[in-house]
Amino acid sequence: PISVAIPSSMTDIIMKKIYKSINQIINHFPFLKSCIFFLSKFCPWVIGIFYALFVLKLYLEFGTNQMLHFLYIPFVVALICLCLRLTIKRKRPWEKYHFAPVDDKNRTGHSFPSVHVGLALAITLCVIPYGPNMSLLLMTMTIVVILTRLLTGMHYISDICFSIVLAYLIYYLL
């Protein structure tokens with residue numbers, strides 16, 4: 001396994017201050033913390049439920065041809081993300097900068113890339129051609145997923161950016 005260890009730099013110092021400041025603000029306002037926590041749990045589930053319902057809709061309308069394309073793009077994105085996470089084993093921001101995560105599960109390591117973001121965006125991209133109204137809802141949920149993954153201290157900005165680029169690449173290449 002590859003271990004990513006970036007030496008302390010000005011960027012690292014700035015990111016530490018940003019993450020710790022965000023964490024202090026969130027922990028200072030319990031209602032804000034509970035909202036962020038709720039959204040971080042709720043949105044991925046809603047995206048998954050809508051995805052399953054949309055797969056069923058496609059199957060009923062178009063048969064298996066469209067449905068298979070709709071299934072394998074998110075699968076490939078998730079598979080690549082999981083393989084990279086297991087290989088790279090990057091510490092999460094809350095681990096590296098020593099603050100309490102907003103998330104209740106103190107998951108360690110495996111920060112890069114974000115499976116939540118990659119999968120949410122891949123699903124949204126697949127829905128766009130078939131359901132513009134649904135895709136607007138899913139894009140909103142994907143943005144919330146991106147923000148909550150950052151605010152909870154689960155991912156770095158680079159984790160999120162890589163996942164976004166990966167989802168777009170897989171969508172347009174396949």
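The shown structure was predicted, so the numbers you read here are calculated from the model rather than taken from an experiment. (Residues numbered from 1 in each chain as written. Predicted model: local features only at pLDDT ≥ 70, side-chain atom pairs only at ≥ 80, totals over all residues. Heavy atoms only, no water.)

## Examining the packing of helix α6 (residues 132–151) against helix α7 (residues 157–173)
Right, on to step 1. Running from N to C, α6 and α7 cross one another at 155°; their axes reach a closest spacing of 9 Å. Between α6 and α7, the angle falls in the class roughly antiparallel. Like other packed secondary-structure pairs, α6 and α7 cross with a definite hand, here right-handed. Along its contact with α6, which presents Ile146, Arg149 and Leu150, the element α7 presents Ile157, Ile160 and Ile164.
Right, on to step 2. Across the contact of α6 with α7, the residue classes tally to 5 nonpolar, no polar and 1 charged. (Axes fitted to C-alpha atoms, helices over the stretch in contact; angles between N-to-C directions. Helix = DSSP H or I, 4+ residues; strand = E, 2+ residues; numbered from the N terminus. Parallel < 35°, antiparallel > 145°, perpendicular 65-115°, else oblique. Left-handed = near helix turned anticlockwise from the far one by under 90°. Contact = heavy atoms within 4.5 Å. Nonpolar A, V, L, I, M, F, W, Y, C, P; charged D, E, K, R; others polar.)

## Focus on unusual backbone geometry
Right, on to step 1. In this structure, Pro113 follows Phe112 across a cis peptide bond, with omega equal to -10°.
Right, on to step 2. You can see Pro113 is positioned in the loop between α4 (93–96) and α5 (115–127).
Right, on to step 3. The phi angle at Lys89 is positive, at roughly 55°, despite the residue not being glycine.
Right, on to step 4. Its place among the elements puts Lys89 in the loop between α3 (64–88) and α4.

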